[in-house]
Each structure stands twice: as structure tokens, then as C-alpha cells.
Amino acid sequence: DAKTTQPPSMDCAEGRAANLPCNHSTISGNEYVYWYRQIHSQGPQYIIHGLKNNETNEMASLIITEDRKSSTLILPHATLRDTAVYYCIVKFGGSQGNLIFGKGTKLSVKP
Amino acid sequence: SQTIHQWPATLVQPVGSPLSLECTVEGTSNPNLYWYRQAAGRGLQLLFYSVGIGQISSEVPQNLSASRPQDRQFILSSKKLLLSDSGFYLCAWSTTGWNQPQHFGDGTRLSIL
């Protein structure tokens, strides 16, 4: 079972920031938070991951609360192509598998 | 940069027929390789992973098998397909090392008739 809780759907206006929340209240000290997204009929796309510090890359920013029980993925300027299902995943960094994808958040970016 | 290729993109097979899906990675050496299956409307299920040539770990017992004949090649096979083998099969790779993310191919949509 997924260790994360996400809202089933969200809307965002094109050009605005999309803030996707994730609750992972049972996360342990050596588990990382990973974010992926999946556009229909394609493979999941890696976005970003982090342990306890905030992270930023060319796609997004990841804000992890100090107690690590929740995080927020921020897409700074959402475009129509960002419409996808976004998955927040908690995984022990050293394990060989297994990314457990929950139901994710369906983000709809609207013009 | 690294790329991952899966083929075919779509496959329709009769029950009882054999299966061979291929995945190759370019631009990296000695990657970890993974096969996942995604049933319709459900999450991903890890089937196999490999940390090197000839080294395969199976996560779920079934009528599928995997092989890694070369460093950057991963093959998913079956001798006799079942109706329950229908699904979206995804190959992924990661570099070795702590916390490295997995990167997925575009998948093969397999329908069993």
C-alpha cells in the first residue's frame, strides 16, 4: 500500500503556480520523497526527489516540512502540457525497487 | 544524455502464445534495470529488477521471466501468455547508488485475446 495521501484532483490556471500537496505522516528517517507524473498512455516521468531539504530543478521545486510529514510539489508556471497525474512516493533510498504508486493527483491546467 | 527504448509500443497476442519485450538503455553503464506492470486504473507492480548482467531478482511469482544478456539490455519473456498478463509493461533504469531515481520508458501496451 502507498504510504502517501494526495488529493484526487486539482485545477490550475495556465501560467499560474501549481502547488500539489502530499501527506506522508509515517515516513521514516531514511526514506526519500519522490515525485513522478504520468500523462495518459506514457511511462511515468521523474520530476524531483528529496530527503529533508527543499529541492529545486528545471522542472519544479519540492518543499518538505521540517517534521517531514508532508511535502508540496510546486510547478512555478503551469502550462497545458503539465496536465497529468502526479504521484508522490516515499521510498527507502537504498532499496533496489519498488516504487509504490498510489492513486496520485490528477492536475488539470486550464487556459 | 541517457535514453531508454522499449518496443513494441503496442502488442496483441493470443492466449498461449510466447512473449518477448525488449528494453535498451543508452548513455550510461551498469545501470539497475526494472520491469513493472501497470494494470488498468491501478498502480505499478514491480516484476523484476537487475543489478548486473545475468543477475535477475523476481518480485512476483508468475509465468513471466526476465533476462539481461547485455549490460544495457533487459528482456521480459513468457512461454505461454495468460489472459491475466494483459497490461501496460514498463521498463525503467537507474544509476547505482543511494537514492537514485528510476527513469521509465514509454511502455508496451499488451492485450491478450
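Residues numbered from 1 in each chain as written. Chains lettered and ligands numbered in written order. Predicted model: local features only at pLDDT ≥ 70, side-chain atom pairs only at ≥ 80, totals over all residues. Heavy atoms only, no water.

Focus on the sheet that holds strand E3 (residues 19-26) of chain B
Residue and element names in this part refer to chain B.
Item 1. With respect to topology, 4 strands assemble into an open sheet ordered E1-E3-E8-E7, the strand pairing being antiparallel. Each edge of the sheet is formed by a strand with only one pairing partner; in this case those strands are strand E1 (3-7) and strand E7 (64-70). On average, adjacent strands in this sheet sit at an angle of 20° to one another, irrespective of strand direction.
Item 2. As paired elements, E1 and E3 share 5 bridges and run antiparallel to each other. By the bridge assignment, isoleucine 4 is partnered in E3 with valine 25. (Pairing = 2+ DSSP bridges. Helix = DSSP H or I, 4+ residues; strand = E, 2+ residues; numbered from the N terminus. Axes fitted to C-alpha atoms, helices over the stretch in contact; angles between N-to-C directions.)

As for the interface of chain A and chain B
The extent of an interface is frequently quoted as the accessible surface area lost upon association of the parts.
Item 1. Counting from both sides, the interface comprises 19 residues of chain A and, opposite them, 21 residues of chain B.
Item 2. Taking both sides of the interface into account, the surface hidden between chain A and chain B amounts to around 1,600 Å²; carbon and sulfur atoms contribute 56%.
Item 3. Our count for the chain A to chain B interface comes out at 0 salt bridges.
Item 4. In this structure, the connection of chain A to chain B is made through 5 residue pairs in polar contact (both at pLDDT 80 or more).
Item 5. Contributing elements (two or more residues each) for the side of chain A that touches chain B: strand E3 (31-38), strand E4 (45-50) and strand E8 (84-92) of chain A. (Contact = heavy atoms within 4.5 Å. Buried area = accessible area lost by both parts, 1.4 Å probe. Salt bridge = Lys/Arg side-chain N within 4 Å of Asp/Glu carboxyl O. Polar contact = N/O pair within 3.5 Å; in protein donor to acceptor, adjacent residues only side chain to side chain.)

Description of the sheet that holds strand E2 (residues 18-23) of chain A
Residues and elements named next belong to chain A.
Item 1. With respect to topology, 4 strands assemble into an open sheet ordered E2-E7-E6-E5, the strand pairing being antiparallel. Looking along the sheet, the strands with just one partner apiece sit at the ends: E2 and strand E5 (55-56).
Item 2. As paired elements, E2 and strand E7 (residues 70-75) share 6 bridges and run antiparallel to each other. From the neighbouring strand, alanine 18 faces E7, where its bridge partner is leucine 75.

With respect to the environment of Ser1(B)
All names here are of chain B.
Item 1. If you trace the backbone, serine 1 turns up in the segment before E1.
Item 2. Residue classification places serine 1 among the exposed residues on the basis of a relative accessible area of 89%.
Item 3. Sequence-wise, serine 1 and threonine 28 are 27 residues apart; in three dimensions their C-alpha atoms are separated by 8.2 Å.
Item 4. The contact partners of serine 1, leaving out residues within four places of it in the chain, are Glu26 and Gly27. (Buried < 20%, exposed > 50% of the residue type's maximum accessible area, 1.4 Å probe, protein only.)

Describing the nonpolar core
Nonpolar side chains in soluble globular proteins tend to end up buried together.
Item 1. Counting 21 residues, the largest nonpolar core has Trp35(A), Leu73(A), Tyr86(A) and Leu107(A) as its most contacted members.
Item 2. When contributions to this core are tallied by element, the ones reaching two or more residues are E2, E3, E4, strand E6 (61-64), E7, E8 and strand E9 (105-110) of chain A.
Item 3. Of the residues forming this core, the biggest block, 4 residues, is contributed by E8(A).
Item 4. Counting 20 residues, the second-largest nonpolar core is a separate cluster that includes Leu33(B), Trp35(B), Leu64(B) and Ile112(B). (Core = buried A, V, L, I, M, F, W, Y, C linked by side-chain atoms within 4.5 Å.)

With respect to unusual backbone geometry
Item 1. Here the amide bond leading from Trp7(B) into Pro8(B) is cis, since omega sits at 0°, within 30 degrees of zero.
Item 2. The residue Pro8(B) is located in the loop between E1 and strand E2 (10-13) in this model.
Item 3. Residue Arg68(A) is not a glycine yet carries a positive backbone phi of 65°.
Item 4. Its location among the elements puts Arg68(A) in the loop between E6 and E7.
Item 5. Positive phi outside glycine occurs at Asn30(B), with the angle close to 50°.
Item 6. With respect to the helices, strands and loops of the structure, Asn30(B) is situated in the loop between E3 and strand E4 (32-38).
Item 7. On the accessibility criterion, Asn30(B) (38% relative accessible area) is partly exposed.

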